[in-house]
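Residues per chain are reported as follows:
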Amino acid sequence: MFGQSRAFSGFSVRDVERARAFYGDRLGLDASVENGILTLRLAGGGQVIAYPKDDHQPASFTILNFPVDDIDAAVDALQAAGIGMERYEGLGQDERGIAREYPPPIAWFKDPDGNILSVLQPG
């Protein structure tokens, strides 16, 4: 029924302009705000929206995963941009916050509203 539909995902944030600055300026995504809704245009043609929600609660799961060719370089770039890596007990993360025990290597970070994002290096 929906095989040809251009579906998209969405998540909430407290402040759309702050989210636009984070996703657009700091992460380098194509990000724009129209009618109070943030649209993120992703490589490959996908889109994600972020909408304001007064009683926003951060997602307790990863809302966006960014595949990268070199996870070490990606973590370095995030840290250089002032973005810290998250630590989760029991995941065998190294000193940089990268979990390498099970493929693919992955590291998590949060947006300004506490939503969880990741960079991962597919095999």
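Quick note: structure is the one above.
Residues numbered from 1 in each chain as written. Predicted model: local features only at pLDDT ≥ 70, side-chain atom pairs only at ≥ 80, totals over all residues. Heavy atoms only, no water.

Enquirer: What's the story with the sheet that holds strand E5 (residues 62-67) in this structure? I'm lost.
Expert: To summarise the sheet geometry, strands pair through backbone hydrogen bonds and adopt either a parallel or an antiparallel arrangement. The strand order E5-E7-E6 describes an open sheet built from three strands, whose pairing is mixed. Taken across any chain shown, the strands that pair with only one partner, and hence form the sheet edges, are E5 and strand E6 (106-110). The mean angle between the axes of side-by-side strands here comes to 25°, regardless of whether they run parallel or antiparallel. The pairing of E5 with strand E7 (residues 116-120) spans five bridges and is parallel. If you follow Thr62 over to E7, its bridge partner there is Ile116. (Pairing = 2+ DSSP bridges. Helix = DSSP H or I, 4+ residues; strand = E, 2+ residues; numbered from the N terminus. Axes fitted to C-alpha atoms, helices over the stretch in contact; angles between N-to-C directions.)

Enquirer: What am I meant to see in the nonpolar core here?
Expert: Most often, soluble globular proteins have nonpolar side chains that are buried together. Of all hydrophobic cores here, the largest spans 28 residues; its most connected members are Phe11, Tyr23, Leu40, Leu64, Phe109 and Val119. When contributions to this core are tallied by element, the ones reaching two or more residues are strand E1 (9-13), helix H1 (16-26), strand E3 (37-41), strand E4 (47-52), E5, helix H2 (71-80), E6 and E7. Every residue in contact with Leu40, bar those within four places of it in the chain, is listed here: Phe11, Tyr23, Leu29, Asp30, Ala31, Gly46, Gln47, Val48 and Leu64. (Core = buried A, V, L, I, M, F, W, Y, C linked by side-chain atoms within 4.5 Å. Buried < 20%, exposed > 50% of the residue type's maximum accessible area, 1.4 Å probe, protein only. Contact = heavy atoms within 4.5 Å.)

Enquirer: Help me out: how do you make sense of the environment of Gln47 in this one?
Expert: Relative to the helices and strands, Gln47 is located in strand E4. Taking the C-alpha atoms as reference, Gln47 lies 8.9 Å from Gly10; in sequence the two are 37 residues apart. Beyond its immediate sequence surroundings of up to four residues, Gln47 is in contact with Phe8, Ser9, Thr39, Leu40 and Arg41.

Enquirer: Honestly, the side chain of His56 in this entry has me stumped. Any pointers?
Expert: Assignment of secondary structure puts His56 in the loop between E4 and E5. Of note is the side chain of His56, whose polar atom sits 2.7 Å from the side chain of Ser12. Engagement of the side chain of His56 in a polar contact is seen with the backbone oxygen of Asp113, the distance being 3.0 Å. (Polar contact = N/O pair within 3.5 Å; in protein donor to acceptor, adjacent residues only side chain to side chain.)

Enquirer: In this structure, what is going on with H2? I would like to understand it.
Expert: Given 3.6 residues per turn, any residue in an α-helix points the same way as the ones three and four places further on. Those residues of H2 lying buried are Ile71, Ala74, Val75 and Leu78. Mapping the buried residues of H2 onto a view down its axis gives an arc of 95°, with all of them on the same face. Summarising the contacts, the buried residues of H2 are in contact with E6 and E7. Among the residues of H2, the N-terminal cap falls to Asp70, whose side-chain oxygen and the backbone nitrogen of Asp72 are separated by 3.0 Å. Positive phi appears at Gly82, one or two residues downstream of H2, with a value of about 80°. (Arc of directions from axis to C-beta.)

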